[in-house]
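# Reading the structure
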Amino acid sequence: MAVVIVGAGMAGVQTAVALREQGYTGSLTLLGAEPHPPYDRPPLSKDVLLGRAEHSRFEIDFDELGIGLALGRRALSLDAEARTIRTDAGDLGYEHLVLATGAAPITLPGLPASAFLLRTQDDALALRAALRPGTRVVVVGAGWIGAEAATVARQLGCEVTVVEAAGSPLAGALPTEFGERTRAWYAAAGARLLTASAVGGVTTGSVQLTDGRELPADVVVVGIGARPDNAWLAGSGIPLDDRGAVRADARLRAGRDEVFAVGDCASFPSARYGRRLAVHHWDNALQGARVVAANILGGELVYDPVPYFWSEQFDHMVQVAGVIDPAAEQVARGEDTVLWLRKGRLEAVLTVDKPRDLAQGRKLIDAGALIDPTKAADPGIQLKAAGV
Ligand SMILES: Cc1cc2nc3c(=O)[nH]c(=O)nc-3n(C[C@H](O)[C@H](O)[C@H](O)COP(=O)(O)OP(=O)(O)OC[C@H]3O[C@@H](n4cnc5c(N)ncnc54)[C@H](O)[C@@H]3O)c2cc1C
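Since the model is a prediction, treat every value here as computed from it, not as a measurement. (Residues numbered from 1 in each chain as written. Predicted model: local features only at pLDDT ≥ 70, side-chain atom pairs only at ≥ 80, totals over all residues. Heavy atoms only, no water.)

## Looking at the sheet that holds strand β4 (residues 75–79)
Here three strands make up an open sheet; going across it, the order is β4-β5-β6 and the pairing antiparallel. Edge positions in the sheet fall to β4 and β6 (90–93), since each has one partner strand and no second. Going across the sheet, the axis of each strand differs from the next one's by a mean of 25°, ignoring polarity. In terms of strand pairing, β4 meets strand β5 (residues 84–87) through four bridges, oriented antiparallel. Each residue of the ladder has a partner; that of A75, found in β5, is T87. (Pairing = 2+ DSSP bridges. Helix = DSSP H or I, 4+ residues; strand = E, 2+ residues; numbered from the N terminus. Axes fitted to C-alpha atoms, helices over the stretch in contact; angles between N-to-C directions.)

Structure below.
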């Protein structure tokens, strides 16, 4: 039984490792378009960009695990009937296929050489080399990547302006009140934040806003989101959802018994949240990989996680467990923890610098526990004690 995994990022690597951990002894190939040894992405916008770490390579001995790395090799198309992947270095057959191609950053047209994306190791190292004290940096997008890039650029002594088209930072990801709260973090760090400001163009030395303003910029960082990287599946019959993610089923199968999809490239139905989820966060790539490995080996595990992510920005650790629905009942627990309840059960928790609340909230969500909202609102009582 040969397993081929396309995509050597977190989801692909963890699937390969989990297969070995779960006892698979057959042929295992990890195909990755990037030429570098597989690496972890979160440090790219943190320690690697700051220069505190040279790289974020996974400390995994692929040889010892018998995982064949085919790096610098891109899958170009898939013949699912013939179970063959066409790559830029010849065809590859499989018995089980794992789709783990992640997401590609959304970019702006006509970017000059002074503009950078922040998705890959190459991106991070190139950007790092361009950030010096006094460099005028314009960050396009005040989402997770934009906020983290701005944090590091300020730490490196750059002059930073962040431009966001929406009315507040983190719009789309978190409720407006929370995004508004982070405004003060930008100010305290000495970063200028311009919201409701759309970028019309980027040229060498400047960023033009659609309202006519022009911002001088030695360096531009574009952090405006990412889309599932699935174009190579066109015509393969593998189902995609309306956002281009592979439409996996509850066991992460992708339209065929022998094909699975995991990580940023996929969406899956969540019975817990009553809808299809596409989760572009690290923990999803880790947890989903374990389920895929088990199901390749004959299991029938259902994947229905409590999604989790963190972001380190402006000296704060923001963490979210669950899926926030702004229409759910909101309970504030002091200044730094917000809970969302539905029918008395905890559905999501957001914390700032409160890892214990996050950990306890995550367990309560996972357990589907009923919550006493009065106790939950009292930061003097441990959150776990609010479960009834
Ligand atoms: C800068 C940065 C910081 C982040 N920080 C955080 C954080 O703080 N917290 C958090 O929860 N999440 C964070 N994330 C998100 C997290 O890293 C991703 O959710 C995770 O990497 C997804 O893993 P993946 O394997 O699905 O995709 P990826 O990591 O994108 O890996 C997919 C791999 O597939 C390869 N590939 C694509 N197409 C092909 C093809 N046709 N053939 C062969 N190979 C292909 C790509 O080159 C890539 O290497 C961050 C992401 C970035 C970019």
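## Structural notes on the UniProt feature "domain: Reductase C-terminal" (unreviewed entry) in the chain
Cross-referencing UniProt, the feature "domain: Reductase C-terminal" (unreviewed entry) maps to residues 308–385 in the present numbering. Secondary structure across residues 308–385 divides into 22% helix and 41% strand, with the first and last C-alpha atoms of the span separated by 21 Å. (UniProt positions renumbered as here; feature names shortened; annotations may be inferred.)

## Quick look at the pattern of salt bridges
Summed over the entire model, instances satisfying the criterion amount to 20 salt bridges. In this structure, D47 engages R52 in a salt bridge whose closest nitrogen and oxygen atoms are separated by 3.2 Å. A relative accessible area of 31% means that D47 is categorised as partly exposed. With a relative accessible area of 61%, R52 lands in the exposed category. Notably, a salt bridge pairs R342 with E347, separated by 2.8 Å at the nearest N-O pair. Judged by its relative accessible area of 35%, R342 is partly exposed. (Salt bridge = Lys/Arg side-chain N within 4 Å of Asp/Glu carboxyl O. Buried < 20%, exposed > 50% of the residue type's maximum accessible area, 1.4 Å probe, protein only.)

## As for the nonpolar core
One finds V3, I5, L28, L252 and L339 to be the most contacted residues of the largest nonpolar core, which totals 50 residues. Among the elements of the structure, β1 (3–6), α1 (10–21), β2 (28–32), α6 (282–296), β25 (337–342), β26 (345–352) and α7 (355–367) are those that each provide at least two residues to this core. Counting residues per element, this core draws most heavily on α1, which supplies seven residues. Both domains that furnish three or more residues to this core are identified here as domain 1 (3–104 + 226–296) and domain 3 (315–386). Contacts of L28, omitting those with residues within four sequence positions, involve V3, I5, A16, L19, R20, G66, I67 and G68. Among the nonpolar cores identified, the runner-up in size contains 42 residues, and V160, W185, A191 and V338 belong to it. (Core = buried A, V, L, I, M, F, W, Y, C linked by side-chain atoms within 4.5 Å. Domains from an automatic or database assignment. Contact = heavy atoms within 4.5 Å.)

## With respect to the domain arrangement of the chain
Once the domains are mapped, the chain shows domain 1 (3–104 + 226–296), domain 2 (107–222) and domain 3 (315–386). If you average the C-alpha positions of domain 1 and of domain 3, the two centres end up 31 Å apart. The interface is formed by five residues belonging to domain 1 together with six residues belonging to domain 3. Counting the surface lost from both domain 1 and domain 3, the interface buries some 460 Å², and carbon and sulfur atoms represent 44% of this. (Buried area = accessible area lost by both parts, 1.4 Å probe.)

## Some remarks on the site of the ligand
Inspection of the region around the ligand gives 35 residues, with A11, E34, R41, K46 and R119 positioned closest. Between the ligand and the protein, one listed contact pairs a nitrogen atom with a backbone N or O atom of A33 at 3.0 Å. Between the ligand and the protein, one listed contact pairs an oxygen atom with a backbone N or O atom of H281 at 3.3 Å. Protein coverage of the free-state accessible area of the ligand, which is 1,000 Å², stands at 94%. Of the residues that constitute the shell around the ligand, the class distribution is 17 nonpolar, nine polar and nine charged. (Near = heavy atom within 4 Å. Polar contact = N/O pair within 3.5 Å; in protein donor to acceptor, adjacent residues only side chain to side chain. Areas by Shrake-Rupley, 256 points an atom, 1.4 Å probe, with all protein chains shown as cover. Nonpolar A, V, L, I, M, F, W, Y, C, P; charged D, E, K, R; others polar.)

## Quick look at the side chain of S236
Within the secondary structure layout, S236 lies in the loop between β17 (226–228) and β18 (246–247). Take S236: its relative accessible area is 11%, and that puts it in the buried class. A polar contact is formed between the side chain of S236 and the backbone oxygen of L233, at a distance of 2.6 Å. Not counting the four nearest positions on each side in its chain, S236 is found in contact with L78 and A80.

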